[in-house]
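This is what each chain is made of:
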Amino acid sequence: MGQIFSQTFNRTLDSLVTLGVPGQALEAWTFDDAQSRRDAENRLKDKGVEARIRSAYKPLLFAFLEEIDLDGVDTIEVRYPSHPNVPANRFRLEAYPLAALVGQAKLDFIARNDSAFHYDVLLKRGGQTQTLTVLAPNRVHEDVVGEMNVSPTGWLRIGDEDGKRLETDYELLFEAAIGTIAGRDWGHQEPYFEELNIRIAHPAADLSLPVGDEVVSLREALHEDIYFSLLELFQKKSGRPLGDRGLKPGQIVPEIVMSTGELSVAIETRPLTTAFLDTSDQSVDSAREPIAAGQVARLLAEIGGEAFDARSRSGRILSARYVPGGDAAVMISGGQHPNETTGIVGAIRAARRLVQRKHAHFTISPLENPDGYALHQRLRRDNPRHMHHAARYTALGDDLEYRTVENAGSALFEKKIRFEAEEKSRASLHVNLHGYPSHEWTRPLSGYVPRNFAMWTLPKGFFLIIRHHPDWENEAEALLDSTTRHLGTIPGLLDFNNRQIGLYEIHAGDTGFRIINGFPCLSSVDDRHSVPMTLITEYPDETIYGDAFIAGHTAQMETVLSAYDAWQHIMSKRVSG
């Protein structure tokens with residue numbers, strides 16, 4: 001291990017209590033949970049200070065949760081700022097999932113023509129209208145990679161003054177962590193480290209909301225912002241464009257843990273781990289949480305066929321199977337992004353059914369990123385309801401989808417499993433099972449909306465993506481039509497989609513997808529792969545458990561089975577046509 005940095009920070013709430021002057025009102029906006037803010041207000045009250053401390057994170061949502069009375073309200077108009085440096089829907093997104101929390105009241109979002117950082121809220125009760133102003137403190141700033149952001153910030157107003165920016169503990173510890181790593185000489189050879197660990201203790205409790213899997217979590221948001229800010233930092237250092245997924249910095253691991261009051265940051269480099277924190281086996285058909293890596297290997301062995309494997313950077317084994325047969329071959333994979341967990345189970349469940357067919361012909365590699373899966377197991381022990389995108393990529397720090405012979409040479413590691421599956425099966429279809437966040441994903445200190453991932457910030461149901469070679473468009477359309485028709489027969493799945501899409505459209509706008517038989521779909525020409533057709537599933541599965549997890553991996557399994565069946569007809573027609 002190599003310690004790089006360690007620091008504790010004073011709590012902003014403690015500083016506010018010290019600042020309070022008896023007889024003088026105090027208003028502040030900080031990054032703290034509700035209980036901590038109420039406790040600070042009570043301490044100020046004991047000093048004779050009338051105080052109100054609000055949330056700097058998602059201020060409109062918290063205004064409705066903590067202050068605004070909706071009794072008798074039938075219509076709500078929210079007029080939000082338009083700022084040239086933010087996406088047009090930014091301040092609607094920041095209010096999510098308000099539309100699902102206002103009961104029967106009709107909610108409309110209307111863009112203002114100015115950029116003042118506040119919301120105008122009109123509450124209509126019968127013929128009467130109440131108008132409120134909800135401050136949304138933001139700052140315009142340049143980040144560590146030179147991009148301009150408009151980000152939520154703290155704010156302080158004492159007495160009758162207009163108020164000024166309050167640089168909060170949350171912002172200070174973020175800047176300290178990113179600045180320290182930015183200022184260090186990491187050399188020029190990728191990867192720069194094995195594991196870069198950023199451990200932060202923060203005392204904000206998560207708030208579950210009665211909407212799907214939604215949860216407001218300052219700690220989760222900090223994990224996401226630190227992780228992707230550091231990816232961008234190393235992308236720039238390497239000369240790559242922001243968002244490049246071929247970067248191999250090493251494994252970046254923010255661990256944001258709950259504390260009883262302490263705020264601290266500790267940064268160190270560590271060696272890679274090589275073991276799994278496996279849990280006990282579950283029935284794969286009714287698994288209520290991600291299954292153990294050891295169970296994945298045992299289930300693959302039961303499927304039979306020809307075994308083949310690859311090794312990850314840490315030395316963990318990726319197991320796969322090839323089942324030869326007379327059908328048109330299909331490649332099935334999961335776990336490229338191993339915090340997207342339903343695809344791993346769904347792939348295995350589908351393969352267990354396919355292998356019972358007389359002419360079945362497929363490859364199955366359900367856990368393509370075991371290093372990421374091991375990290376996900378580790379991070380879930382602290383908080384299973386966080387997305388933990390640090391586990392998304394490999395221990396090299398790249399997305400294995402973007403690792404090629406040209407940029408990896410002989411060090412293909414995990415990607416070798418894909419190439420071998422192609423060689424063995426000669427498949428024309430690859431069904432690649434994925435997921436995405438089942439609740440809102442934010443980067444609050446870097447512009448709020450995740451840069452380069454804006455389309456993933458809110459859940460919008462189960463959807464499909466096809467990438468195909470130029471002369472396979474007809475087959476792509478036939479595959480989408482057949483697969484979505486089958487998915488529409490799964491009880492509850494269309495209703496699930498409609499609920500999520502409806503809420504998404506209120507807060508984000510149009511999905512930008514085509515709707516095919518009730519399912520959002522995207523299809524595009526892409527000849528990066530030698531396999532001419534890739535069907536990608538996207539189920540909102542990060543952080544779901546129990547019955548929701550079962551529904552997720554069942555949808556993944558049914559997609560594989562229906563796509564496999566459709567492919568037999570499609571290829572028969574293509575060969576004979």
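The rules behind the values
- Residues numbered from 1 in each chain as written.
- Predicted model: local features only at pLDDT ≥ 70, side-chain atom pairs only at ≥ 80, totals over all residues.
- Heavy atoms only, no water.
- Salt bridge = Lys/Arg side-chain N within 4 Å of Asp/Glu carboxyl O.
- Phe/Tyr/Trp six-rings, centres within 6.5 Å; stacked < 30°, edge-to-face > 60°.
- Helix = DSSP H or I, 4+ residues; strand = E, 2+ residues; numbered from the N terminus.
- Buried < 20%, exposed > 50% of the residue type's maximum accessible area, 1.4 Å probe, protein only.
- Lys NZ or Arg CZ within 6 Å of the ring centre and 35° of its normal.
- Pairing = 2+ DSSP bridges.
- Axes fitted to C-alpha atoms, helices over the stretch in contact; angles between N-to-C directions.

Colleague: Any chance you could explain the pattern of salt bridges here in plain terms?
Modeller: Opposite charge on two side chains makes pairing possible when the charged atoms of those side chains draw close. Tallying each qualifying case throughout the model produces 55 salt bridges. A salt bridge links Lys106 to Asp108; its shortest N-O distance comes to 2.6 Å.

Colleague: Help me out: how do you make sense of the packing of aromatic side chains in this one?
Modeller: The final tally for this structure, using the stated rule, is 20 aromatic pairs. Between Phe31 and Tyr170 the ring centres are 4.8 Å apart and the planes differ by 15°, which places this aromatic pair in the stacked class. One end of the pair, Phe31, is in the loop between strand S2 (26–30) and helix H2 (34–46); the other, Tyr170, is in helix H5 (residues 169–182), and 139 residues separate them in sequence. You'll find Phe31 and Tyr170 in the same group, each marked buried. Judged by centre distance (5.7 Å) and plane angle (5°), the rings of Phe496 and Tyr539 are stacked. Placement of Phe496 in helix H13 (residues 493–508) and of Tyr539 in strand S25 (residues 533–542) is noted, with a sequence separation of 43 residues between them. We classify Tyr539 as buried; its relative accessible area is 4%. In textbook terms, an aromatic cluster arises when at least three aromatic residues are bridged by ring pairs, as seen for Trp186, Tyr192, Phe193 and Phe234. We note Arg37 situated over the ring of Phe62; from NZ or CZ to the ring centre the distance is 5.5 Å. Sitting above the plane of the Trp472 ring, Arg574 keeps its charged end 3.6 Å from the centroid.

Colleague: How do you make sense of the sheet that holds strand S7 (residues 128–135) when you look at a structure like this?
Modeller: Strand pairing in a sheet takes place through backbone hydrogen bonds and is either antiparallel or parallel in direction. The strand order S5-S4-S6-S7 describes an open sheet built from four strands, whose pairing is mixed. Looking at which strands have only one partner, the edges of the open sheet turn out to be strand S5 (106–111) and S7. Across the sheet, the mean angle separating the axes of adjacent strands is 20° when strand polarity is ignored. Bridge count between strand S4 (residues 75–80) and S5: six bridges; the pairing is parallel. Its bridge partner being in S5, Tyr80 is matched across the sheet by Ala111.

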